[in-house]
Amino acid sequence: MDRWKREINIVMAWLLPALLLSYFVGHLTHMLLLITLGLLIKQTMAVNDLEKWLSRGAFRDYRDRKGIWGDIYYHLWKIKKTDKKRKKKLSRMIDQFRNSTDALPDAAVVLGEYAEIEWINKAAREVLGLKKSDKGQRIPNLIRAPKFIEYLKSQDYRQKICISSPVNDSLILQISIVPYGAGLRLLVAQDVTQIKNMERMRTDFVANVSHELRTPLTVLKGYLETLQDMDDLPASYARSFESMSAQTVRMQNLIDDLLLLARLETKPKQTECINMHDLLGQICKESDLLEKDERRIELNITADANLIGDAQELQSAFTNLLVNALKYSPSTSPVKVGWHQKQDGSAYLEVEDFGEGIPAAEIPRITERFYRADAKRNHKVIGTGLGLAIVKHVLVRHDAKLEIDSQLGKGSRFRCVFTAKRIC
Ligand code: ADP
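Parameters and conventions
Residues numbered from 1 in each chain as written. Predicted model: local features only at pLDDT ≥ 70, side-chain atom pairs only at ≥ 80, totals over all residues. Heavy atoms only, no water. Disulfide = S-S within 2.5 Å. Helix = DSSP H or I, 4+ residues; strand = E, 2+ residues; numbered from the N terminus. Buried < 20%, exposed > 50% of the residue type's maximum accessible area, 1.4 Å probe, protein only. Patch = residues over 30% accessible without salt bridge, like charges linked within 9 Å, V, L, I, M, F, W, Y side chains within 5 Å. Areas by Shrake-Rupley, 256 points an atom, 1.4 Å probe, with all protein chains shown as cover. Salt bridge = Lys/Arg side-chain N within 4 Å of Asp/Glu carboxyl O. Lys, Arg positive; Asp, Glu negative; His and termini not counted. Charge placed at Lys NZ, Arg CZ, Asp CG, Glu CD. Core = buried A, V, L, I, M, F, W, Y, C linked by side-chain atoms within 4.5 Å. Contact = heavy atoms within 4.5 Å. Phe/Tyr/Trp six-rings, centres within 6.5 Å; stacked < 30°, edge-to-face > 60°. Lys NZ or Arg CZ within 6 Å of the ring centre and 35° of its normal. Domains from an automatic or database assignment. Axes fitted to C-alpha atoms, helices over the stretch in contact; angles between N-to-C directions. Parallel < 35°, antiparallel > 145°, perpendicular 65-115°, else oblique. Left-handed = near helix turned anticlockwise from the far one by under 90°. Nonpolar A, V, L, I, M, F, W, Y, C, P; charged D, E, K, R; others polar. Near = heavy atom within 4 Å. Polar contact = N/O pair within 3.5 Å; in protein donor to acceptor, adjacent residues only side chain to side chain.

## Let's talk about the state of the cysteines
Thinking step 1. Enumeration according to the criterion identifies one disulfide in this entry.
Thinking step 2. The disulfide that involves Cys273 links it to Cys424, with 2.0 Å between the sulfurs. Judged by the sign of its S-S torsion, about 90°, the cystine formed by Cys273 and Cys424 is right-handed. Of this pair, Cys273 sits in strand 6 (residues 272-274) while Cys424 sits in the segment after strand 12 (411-418); the two residues are 151 residues apart in sequence, bridging distant segments of the chain.
Thinking step 3. For Cys273, a relative accessible area of 47% translates into the label partly exposed.
Thinking step 4. Owing to a relative accessible area of 38%, Cys424 belongs among the partly exposed residues under this scheme.

## Thoughts on a positive patch on the surface
Thinking step 1. Residues Lys84, Lys88, Lys89 and Arg92 make up a contiguous surface patch of positive charge.
Thinking step 2. Checked against the element boundaries, Lys84 lands in helix 3 (residues 67-103).
Thinking step 3. On the basis of relative accessibility, which here comes to 52%, the residue Lys84 falls in the exposed class.

## Digging into the nonpolar core
Thinking step 1. Residues Phe318, Leu322, Trp339, Leu349 and Phe418 are the most contacted members of the largest nonpolar core, which totals 45 residues.
Thinking step 2. Of all the elements in the fold, those that place two or more residues in this core are helix 7 (235-266), helix 8 (276-284), helix 10 (311-327), strand 9 (335-341), strand 10 (347-353), helix 12 (387-397) and strand 12.
Thinking step 3. Of the residues forming this core, the biggest block, seven residues, is contributed by helix 10.
Thinking step 4. With near-sequence residues (within four places) excluded, Leu322 lies in contact with Ile283, Cys284, Leu289, Ile297, Val335, Val337 and Val351.
Thinking step 5. By size, the runner-up hydrophobic cluster in this structure holds 25 residues, among which are Ala123, Ala124, Phe148 and Leu187.

## Details of the packing of aromatic side chains
Aromatic ring pairs: the centre-centre distance and the angle between the two ring planes describe each pair.
Thinking step 1. According to the stated counting rule, one finds seven aromatic pairs in the structure shown.
Thinking step 2. Summarising the aromatic geometry, the rings of Tyr151 and Tyr157 are spaced 5.4 Å apart at their centres and angled 75° between planes, so their arrangement reads as edge-to-face. An identical accessibility class is assigned to Tyr151 and Tyr157; each is buried.
Thinking step 3. Pairing Tyr237 with Phe241 gives two aromatic rings, centres 6.3 Å apart and planes at 75°, and the pair type is edge-to-face. Highlighted residues: Tyr237 and Phe241, both in helix 7, separated by four residues, approximately one helical turn.
Thinking step 4. Among the residues examined, Tyr237 registers a relative accessible area of 49% and is labelled partly exposed.
Thinking step 5. The residue whose ring lies beneath Arg415 is Tyr348, and the NZ or CZ to ring-centre distance is 4.1 Å.

## Let's talk about the environment of Gly281
Thinking step 1. Relative to the elements of secondary structure, Gly281 occurs in helix 8.
Thinking step 2. Separated by 101 residues in the primary sequence, Gly281 and Tyr180 have C-alpha atoms spaced 48 Å apart.

## Section: the domain arrangement of the protein
Thinking step 1. Parsing the protein into structural domains produces domain 1 (2-98), domain 2 (104-191), domain 3 (198-266) and domain 4 (272-422).
Thinking step 2. The gap between the C-alpha centroids of domain 2 and domain 4 is 38 Å.

## Quick look at the pattern of salt bridges
Thinking step 1. This model, assessed by the stated rule, comprises 16 salt bridges.
Thinking step 2. As a salt-bridge pair, Glu265 and Arg369 come within 2.7 Å of each other at their nearest N and O atoms. Of the two residues, Glu265 is situated in helix 7 and Arg369 in the loop between strand 10 and helix 11 (375-378); the sequence distance between them amounts to 104 residues.
Thinking step 3. One network of salt bridges, in which partners are shared, links Lys267, Asp310, Glu313 and Arg397.

## So, a nonpolar patch on the surface
Thinking step 1. Nonpolar side chains collect at one region of the surface, where Leu20, Leu21, Tyr23, Phe24 and Val25 lie side by side and expose about 620 Å² of accessible area between them.
Thinking step 2. Along the chain, Tyr23 falls in helix 1 (residues 3-25).

## Some details on the packing of helix 7 against helix 12
Thinking step 1. Axis separation between helix 7 and helix 12 bottoms out at 10 Å; the angle between their running directions is 20°. For the element pair helix 7 / helix 12, the angle class is roughly parallel. Pair helix 7 / helix 12 crosses with left-handed handedness. Across from Asp257, Leu260, Leu261, Leu264 and Glu265 in helix 7, the residues of helix 12 making contact are Gly387, Ala389, Ile390, His393, Val394 and Arg397.
Thinking step 2. The residue makeup of the contact of helix 7 with helix 12, split by class, is six nonpolar, two polar and three charged.

## Side note on the packing of helix 10 against helix 12
How two helices pack is summed up by the angle between their axes together with the distance between the axes.
Thinking step 1. Helix 12 packs onto helix 10 with a crossing angle of 140° between their chain directions and a minimal axis gap of 9 Å. For the element pair helix 10 and helix 12, the recorded crossing hand is left-handed. Here helix 10 contributes Glu313, Leu314, Ala317, Asn320, Leu321 and Asn324 to the contact with helix 12, which in turn contributes Gly387, Leu388, Ile390, Val391, Val394 and Arg397.
Thinking step 2. Looking at side-chain class alone, the contact of helix 10 with helix 12 contains seven nonpolar, three polar and two charged residues.

## What to know about the site of the ligand
Thinking step 1. Asn324, Tyr328, Arg372, Thr384 and Leu388 are the nearest of the 20 residues found near the ligand.
Thinking step 2. Contact between the ligand and Thr384: an oxygen atom at 2.8 Å from a main-chain N or O atom of the residue.
Thinking step 3. Between the ligand and Gly387, the relevant distance is 3.2 Å, taken from an oxygen atom to a main-chain nitrogen or oxygen of the residue.
Thinking step 4. When the ligand is considered free in solution it has 530 Å² of accessible area, and contact with the protein chains removes 98% of it.
Thinking step 5. Of all the secondary-structure elements, those providing two or more residues to the shell around the ligand are helix 10, helix 12 and strand 12.
Thinking step 6. Looking at which element gives the most residues to the shell around the ligand, the answer is helix 10, with three residues.
Thinking step 7. Tallied by class, the residues present in the shell around the ligand amount to nine nonpolar, eight polar and three charged.

In structure tokens form, the structure reads like this:
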């Protein structure tokens, strides 16, 4: 039978005796009122029972309940049972997640909207020195390295940063932050001590070898010059000495570039406000430039902006771009050098030539060390393949980027774009 019909039957079963009684003794309204009151009290007590049953966690047996109330108890008990199962499953999943994140070699920290710690894994406790009780604390109050605080504040997490571990100075941690969800951030700290040590060993090795090669090369160069100055030198010897001399110059350039690169990797940055008018004027009148090359340069400065940076580093980067433009274009074509500012406050140095250009496929590789594009075509042009690697390194140290536009047979344009923060 339908539940509602059963309930109607129960109400009827209460009403029937009242109707019968009123038939014999009268007072129908009073009888009906009495019955309604009785029904109301009965339902109120049932609701009260339900409330008690629920407040005690719905543990007690409910099977003595009859009618619609029995059904209500049954459904509630069923919901509770599936809920319990779901909770168990969820807690098992959380345990598994916790175990797997604890097994991770990288430290992971979940940060809330205000950089407060919401969750940490085991590695974060070990290498970042965070404790479980630090939950809710803002991370800049616990990891106080200025570089880290600046990175966190910047909201620009495209680059990663390296800091020393707050618990062990000899550990180098590479920090990256990934924003996700509504205002949440995942901070990952990876131990890169070994990689950094190897990088330092490589830089030291290159710097030491280059330094050690300098002295014997100077001696060789000196003797070659003396021999070349001899009056009665046979023509075949003269040619050989000339070729040897050219090769020693090449080796010296290579050593100079390698030493400069090694210095860029290790030297602390020195910054000052550099007058770009003076710097560019000086570069375009560099003593190393041939007079006929100097005449090809068209300098166009439209910006008053000056640059915050290391003058020596920027000078070598800009000189490399200028020398390349002169080297890789015909000796009769002009080379344009410009310094301009954009509306957003950023500024750029531009070097444009009308030479042979660079094949599109090679553009992404020309800033690699020792990479020389189109080696066959360029074999007559003296170069080390390190010039653009130096440019790229210097620009990274100045938060700038290099943009290269080139068309084969038409020429190339190199742009060093500096952010507004670097302008003074
Ligand atoms: P290099 O000492 O060979 O000039 P760079 O690192 O300065 O070394 O340049 C790498 C390569 O990029 C060069 O070998 C050359 O092929 C190419 N390149 C650089 N600048 C230009 C340019 N202005 N025009 C054409 N090719 C260029």
